[in-house]
Amino acid sequence: MKKWHYSWIILAVTFISIIVAGIIRSSAGVFINPFEQEFGWSRPSISMAFAVSLFLYGFSGPFMAAFVEKYGLKRMMLGSMTLLSFALASTFIMQKEWQLILIWGIMMGIGSSLFLTVLSTQVANRWFVKRRGLAVGILTAATATGQLILLPVLAALVDRYSWQTAIALIFVLSLLMIIIISIFMYSYPIERQIAPYGHDGLVEPVRSTGNPFAMAISSLIEGLKAKEFWLLAGSFFICGLSTSGLIGTHFISYCISFGIPVVTAAAMLSFMGIFDLIGTTLSGWLSDRFDNRWLLFWYYSLRGFSLLALPYALSTGSYAWLMIFAIFYGLDWIATVPPTIGITRQRFGIEKSAMMYGWMVAFHQVGAAVAAYYGGVFYSAFGSYKMAFLLAGGFCFLASLFVILLKKQPQLKEA
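Keep in mind it's a predicted model, so treat the numbers as computed, not measured. (Residues numbered from 1 in each chain as written. Predicted model: local features only at pLDDT ≥ 70, side-chain atom pairs only at ≥ 80, totals over all residues. Heavy atoms only, no water.)

## Thoughts on the overall build of the chain
- If you tally the helices and strands in the chain, you get 19 helices and zero strands.
- A compact globule built from 415 residues would reach a C-alpha radius of gyration of about 22 Å, and the chain, at 20 Å, matches this within 12%.
- Along the longest, intermediate and shortest principal axes, the C-alpha atoms of the chain span 60 × 45 × 45 Å.
- Among the 415 residues that make up the chain, the fraction classed as buried is 59%. (Helix = DSSP H or I, 4+ residues; strand = E, 2+ residues; numbered from the N terminus. Rg over C-alpha atoms; globule rule 2.2 N^0.38 Å. Buried < 20%, exposed > 50% of the residue type's maximum accessible area, 1.4 Å probe, protein only.)

Structure (structure tokens):
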């Protein structure tokens, strides 16, 4: 019987760690109403803290990629998960709005950045030669699935017990994850005396000795000179605006405004996560076989149609229509990531792809932060989220035009 390659163990550990980090960061949507009620904070103020988190975790991405090159995957994963654990513990003694911004904005944003931005690219590049697109698809799926899958459980704990109980659950998960990473994670295949999956011999890693900040900034300067970078970054800005920023932060509150119970709304969001796991994994498989530009064109177009349909689905009062939206949108949640990484790798090379993609994620999270904040502003101004969701749908069609302007890149020959 053929021996199981350790790359798949690394993939599993990374998958679980991304899910846990995603659960921690995305739980913000569950706590909007409880924080309003307990502390008397306004929704725009709470949305601002969550917007800071989205912004920081995006802009920390390229720097995290540079730090991984210098200090290794395992050390950076342990440090990031420890910061998330500390932030969760600090939530129990939180009393002021500035503390909310410090804990849920700054600490959560930086702590989740590695897991939710460049980790999937780093692991796929180091541990896989064959099935690299599939590996990226699986790990990318974990990003959104983690952000959605436990939301019904957290919402039920908040509804039946308290928000502190929900925080305690994800705090325990973060501690367990620190133990798992410590035992099973390795930075390079050579540390196990094995070759990357699909490669014939050992690969000696090229370890960086440069300044991580300088490396990240130089990659940005190089990217800003390329049209492909601007088109991908612009489309990714809209990707963030139309997913984690709007749906991830305000979908539950939007459903509540139509009389849908919080647990039901969270279950719908979790349902999207299940279909995202299918859709994004399939997208990774497709990105190894088809033109990534056309994949992105269809992903953004279909997402635009689904966002335009959401206000109608809610206004009908029919759970069937809402379920159809959850399936359709879930399949497309972040299916955009594998082809975006594929184009980035083809255009800028394997060595530079993680930091380049990290900067694109920064644009993604600026879009997410804009949607997270202005979703709350639209609600306060109009008493409804309808306009925010319609605008997001329109922007998705613009993103589909961005990606179709990209030139087809030659496929890299893997070593």
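Further notes follow.
## Comments concerning the pattern of salt bridges
- Applying the stated criterion across every chain, the model contains three salt bridges.
- A salt bridge links Arg-347 to Glu-228, with the nearest nitrogen and oxygen atoms 3.1 Å apart. One end of the pair, Arg-347, is in helix α17 (residues 337-348); the other, Glu-228, is in helix α12 (residues 227-242), and 119 residues separate them in sequence.
- Among the ionic pairs, Arg-293 bridges to Asp-291, the shortest N-O distance being 2.6 Å.
- With relative accessibility at 16%, the residue Arg-293 sits in the buried group. (Salt bridge = Lys/Arg side-chain N within 4 Å of Asp/Glu carboxyl O.)

## Observations concerning the state of the cysteines
- Applying the stated rule across the entire model yields zero disulfides.
- Of all cysteine sulfurs, the one in Cys-396 lies closest to Cys-239, which takes part in no disulfide; the gap is 7.9 Å.
- Under the relative-accessibility criterion, Cys-239 is labelled buried at 0%. (Disulfide = S-S within 2.5 Å.)

## What to know about the environment of Trp-104
- Along the chain, the position of Trp-104 falls in helix α6 (residues 97-116).
- Along the chain, Trp-104 and Leu-322 lie 218 residues apart, while their C-alpha atoms are 30 Å from each other.
- Contact partners of Trp-104, with chain neighbours within four places excluded, come to Ile-24, Ser-27, Ala-28, Phe-31, Phe-35, Ala-49, Phe-50, Ser-53, Thr-91, Met-94, Gln-99 and Ile-167.
- Reaching out from Trp-104, the side chain makes a polar contact with the side chain of Thr-91 at a distance of 3.2 Å. (Contact = heavy atoms within 4.5 Å. Polar contact = N/O pair within 3.5 Å; in protein donor to acceptor, adjacent residues only side chain to side chain.)

## Some points on the environment of Phe-290
- With respect to the helices and strands, the residue Phe-290 is situated in the loop between α14 (262-287) and α15 (292-315).
- For the pair Phe-290 and Pro-339, spaced 49 residues apart in sequence, the C-alpha separation works out to 9.3 Å.

## Brief notes about the nonpolar core
- By size, the foremost hydrophobic cluster in this structure holds 134 residues, and its most contacted members are Phe-35, Trp-104, Phe-115, Ile-247 and Phe-251.
- The residues contacting Ile-247, other than those within four sequence positions of it, are Ser-242, Leu-269, Met-272, Leu-307, Leu-310, Phe-325, Tyr-329, Trp-333 and Phe-389. (Core = buried A, V, L, I, M, F, W, Y, C linked by side-chain atoms within 4.5 Å.)

## A closer look at the side chain of Thr-340
- Within the secondary structure layout, Thr-340 lies in helix α17.
- When sequence neighbours within four positions are dropped, the list of residues in contact with Thr-340 reads Leu-232, Phe-236, Leu-296, Tyr-357 and Met-360.

## A word on the packing of α12 against α15
- Where α12 meets α15, the axes come as close as 12 Å, and the angle between the chain directions of the two elements is 30°. In terms of orientation, α12 lies roughly parallel with respect to α15. Judged by the sense of rotation from one axis to the other, the crossing of α12 with α15 is left-handed. The residues of α15 that touch α12, namely those facing Leu-232, Ser-235, Phe-236, Cys-239 and Ser-242, are Leu-296, Tyr-300, Arg-303 and Leu-307.
- Among the residues making up the contact of α12 with α15, the classes are represented as six nonpolar, two polar and one charged. (Axes fitted to C-alpha atoms, helices over the stretch in contact; angles between N-to-C directions. Parallel < 35°, antiparallel > 145°, perpendicular 65-115°, else oblique. Left-handed = near helix turned anticlockwise from the far one by under 90°. Nonpolar A, V, L, I, M, F, W, Y, C, P; charged D, E, K, R; others polar.)

## A closer look at helix α11 (residues 212-224)
- Under the 1.5 Å per step criterion, the end-to-end length of α11 is 19 Å for 13 residues, consistent within 8% with the ideal 18 Å.
- Listed in full, the buried residues belonging to α11 are Pro-212, Met-215, Ala-216, Ser-219, Leu-220 and Gly-223. Along α11, the residues classed as buried sweep out an arc of 135° about the axis, all on the same side.
- If you follow the buried residues of α11, they end up packed against α4 (61-71), α12, α17 and α18 (350-382). (Expected span 1.5 Å × (residues − 1). Arc of directions from axis to C-beta.)

## Examining unusual backbone geometry
- Residue Gln-193 is not a glycine yet carries a positive backbone phi of 60°.
- Position of Gln-193 among the secondary structure elements: in the loop between α10 (163-184) and α11.

## Things to note about the packing of aromatic side chains
- Per the stated rule, a full pass over the model turns up 29 aromatic pairs.
- When the centroid spacing of 5.4 Å and the interplanar angle of 90° are considered together, the rings of Phe-35 and Trp-163 count as edge-to-face. Here Phe-35 is found in helix α2 (residues 28-39), whereas its partner Trp-163 is found in helix α10, with 128 residues between them in sequence. Assigned by exposure class, Phe-35 and Trp-163 land together as buried. (Phe/Tyr/Trp six-rings, centres within 6.5 Å; stacked < 30°, edge-to-face > 60°.)

## A few points about the environment of Phe-128
- Tracing the backbone shows Phe-128 in the loop between α7 (119-127) and α8 (132-148).
- Residue classification places Phe-128 among the buried positions, given a relative accessible area of 0%.
- Distance in space between the C-alpha atoms of Phe-128 and Leu-296 is 23 Å, their sequence separation being 168 residues.
- Dropping the residues within four chain positions of it, Phe-128 is found in contact with Ser-7, Trp-8, Leu-11, Val-123, Ala-135, Pro-196 and Tyr-197.

## Details of a nonpolar patch on the surface
- A cluster of nonpolar residues, Met-48, Trp-98, Ile-101, Leu-102, Ile-106 and Ile-110, forms a patch on the protein surface that exposes about 490 Å² of accessible area.
- At five residues, α6 tops the list of elements feeding residues into the nonpolar patch.
- Tracing the chain through its elements places Ile-101 in helix α6. (Patch = residues over 30% accessible without salt bridge, like charges linked within 9 Å, V, L, I, M, F, W, Y side chains within 5 Å. Areas by Shrake-Rupley, 256 points an atom, 1.4 Å probe, with all protein chains shown as cover.)

## Remarks on the side chain of Ser-253
- Positionally, Ser-253 belongs in helix α13 (residues 247-256).
- Other than its neighbours up to four places away in sequence, Ser-253 contacts Ile-32, Asn-33, Arg-43 and Tyr-385.

Taken by themselves, the reported measurements are silent on function.
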